[in-house]
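Residues per chain are reported as follows:
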Amino acid sequence: MNATTVAIDLAKNVFQLAYADANWKIVSTARLTRSQFQRCFQNSSISLVIMEACGCAHYWARQIQAQGIEVRLLPPRYVRAYVKRNKTDAADAAALLEAARCADIQPVRIKSVEQQALQSLHRTRSLWMTTRTARINALRGFCREFGIDIAQGARLGLEQIARALADPNSLLPELLRTSMRSMIDELRLLEVRINQLEKQLGELARQSATCTTLLSIPGVGLLTATAMVAATSGEVSHFKDARHFAAWFGLTPKEHSSGQTRRIGRISKRGDRYVRMLLTHGARAVLNAANLATRMQRPVDPLRRWALQIQQRSNHNKAVCALANKLARICYAVLRDHEPYGVARLDHKLQQSTFAMPT
């Protein structure tokens, strides 16, 4: 068999392989079990392996790279267009070969063990926060059912719920009090775990020079800095420019243009939704602080002044998206130059920069 390239359709227990020669023509196929797949690249003449960037792809890519074989991970969204006729494992493997020949499709960088572990910490915190919010909303709803109004805010709301449970004369029925106390105990345990995880992230950020540099940017806090490092490993040389970096987080507008007509829509919301959410929340905090400083007649820096100008000619939410896009571009510049953010150095750049606002 004169095969130099193999495309792999990954699965949990069954792996479909398509072997191709130097002319990208399929010469053979194979369907392997997990144990067979672990041994198939030992003493192999294969020089290139192509896979989709899906679950466990980064793990297998690291294992195959350790044997001296080049590995390319392709975005599943772009591979889908090359699937012919019916969708089967064999058709998916053949589509990977066709997609790999397209020079416009940029492969996904293989994540390290540390990157994936850091991302898992963020996912754990996100799951705990979701559980915490659900429990608080349930307790708030229980109280409302019996005529007890709970104030907004997690901390103040929990204090009022705890006082209502401790008061024997409150309107809460005795049948429900035991379950509600158990939910409050669960919430306190979740808060302890969340605080411990945030302390762990803070310790990691103090040991990382990249995180320290990112923390110099307004609107970028502990979560955004560590999540950015987990997503990029602190290296942005594979991005063409700052706009490409912002588009990777789905913060650039979608375009529907033809001929002389150009239509700019909302942001694409593609890519890493978690980091996009953090950048958007950071931008919202920066813009709110800028509005407060303006009302109190305090001076604002050029970045906040630029965001306020966007808000004046459009609206608050569009200004938040524009500022999130700007923060992503600043993150790109900081990671590229390995220098902290400096307001004076970027003053003239911010004045000249433009952002296509959605209509």
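As the structure is a computational prediction, the values presented were derived from the model and not from experiment.

What counts, and where the lines are drawn
Residues numbered from 1 in each chain as written. Predicted model: local features only at pLDDT ≥ 70, side-chain atom pairs only at ≥ 80, totals over all residues. Heavy atoms only, no water. Helix = DSSP H or I, 4+ residues; strand = E, 2+ residues; numbered from the N terminus. Pairing = 2+ DSSP bridges. Axes fitted to C-alpha atoms, helices over the stretch in contact; angles between N-to-C directions. Contact = heavy atoms within 4.5 Å. Patch = residues over 30% accessible without salt bridge, like charges linked within 9 Å, V, L, I, M, F, W, Y side chains within 5 Å. Areas by Shrake-Rupley, 256 points an atom, 1.4 Å probe, with all protein chains shown as cover. Salt bridge = Lys/Arg side-chain N within 4 Å of Asp/Glu carboxyl O. Lys, Arg positive; Asp, Glu negative; His and termini not counted. Charge placed at Lys NZ, Arg CZ, Asp CG, Glu CD. Buried < 20%, exposed > 50% of the residue type's maximum accessible area, 1.4 Å probe, protein only. pLDDT = per-residue confidence, 0-100. Left-handed = near helix turned anticlockwise from the far one by under 90°. Nonpolar A, V, L, I, M, F, W, Y, C, P; charged D, E, K, R; others polar.

Asks: If you had to explain unusual backbone geometry to someone new, which residues and values would you point to?
Replies: Most of the time, phi is negative for any residue but glycine, and the peptide bond is trans. Residues other than glycine seldom take positive phi values, yet Cys56 does so here, at roughly 65°. With respect to the secondary-structure elements, Cys56 resides in the loop between strand S4 (48-52) and helix H2 (57-65).

Asks: So what about the sheet that holds strand S1 (residues 5-9)? Which residues, and what values?
Replies: Ordered by their spatial adjacency, five strands build an open sheet running S3-S2-S1-S4-S5, and the pairing between neighbours is mixed. Every interior strand has two partners, whereas the edge strands, strand S3 (26-33) and strand S5 (70-74), have only one. If you compare each strand with its neighbour and ignore which way they point, the axes differ by 20° on average. As paired strands, S4 and S5 are joined by five bridges and run parallel to one another. Across the sheet, residue Val49 finds its bridge partner in S5, namely Val71. Across the sheet, helix H4 (residues 89-100) lies against S1, strand S2 (14-20), S3, S4 and S5, angled at about 130° from S1, the strand it touches most.

Asks: Quick one: what's the story with a positive patch on the surface, residue by residue and with numbers?
Replies: A cluster of basic residues, Arg77, Arg80, Lys254, Arg266, Lys269 and Arg270, forms a positive patch at the surface. Mapped onto the fold, Arg266 is located in strand S7 (residues 264-267). Residue Arg266 is classed as exposed on the basis of its relative accessible area of 69%.

Asks: Describe the pattern of salt bridges, naming the residues involved and giving the relevant values.
Replies: If the charged atoms of two oppositely charged side chains come close together, the side chains can form a pair. For the coordinates displayed, the defined rule picks out 13 salt bridges. The closest approach of N and O atoms between Arg101 and Glu98, which form a salt bridge, is 3.8 Å. By relative accessible area, Glu98 is classed as partly exposed at 29%. A salt bridge links Glu203 to Arg206; its shortest N-O distance comes to 2.8 Å. Of this pair, Glu203 and Arg206 both sit in helix H7 (residues 174-207), three residues apart, which is roughly one turn of that helix.

Asks: How would you sum up the side chain of Thr5? Please name residues and give values.
Replies: With respect to the helices and strands, the residue Thr5 is situated in strand S1. Ignoring sequence-local partners within four residues, the contact set of Thr5 consists of Ala18, Tyr19, Ala20, Trp24, Ile46, Leu48, Ile50 and Leu97.

Asks: Go over the confidence of the model for the protein with me, naming the residues and quoting the values.
Replies: If pLDDT is low for a region, its predicted coordinates should not be looked at in detail. Per-residue pLDDT for the protein has a mean of 90; in total, 95% of the residues score no lower than 70. For the protein, helix H14 (residues 343-352) is the element with the lowest average pLDDT, namely 46, and S5 is the one with the highest, namely 96. Per-residue pLDDT stays below 50 along residues 343-352; that stretch engages in 14 contacts with residues further than four places along the chain or on separate chains. For the stretch residues 354-359, pLDDT sits under 50, and the model shows 17 contacts to residues farther than four places along the chain or on other chains.

Asks: With reference to specific residues and values, describe the packing of helix H11 (residues 273-295) against helix H13 (residues 316-337).
Replies: The contact between H11 and H13 brings their axes to 8 Å, and the two run at 115°. The crossing of H11 and H13 is right-handed. Only His316, Asn317, Ala319, Val320, Leu323, Ala324, Leu327 and Ala328 of H13 make contact with H11, whose side of the interface consists of Leu279, Thr280, Gly282, Ala283, Arg284, Val286, Leu287, Asn288 and Asn291. In terms of residue class, the contact of H11 with H13 is built from 10 nonpolar, six polar and one charged.

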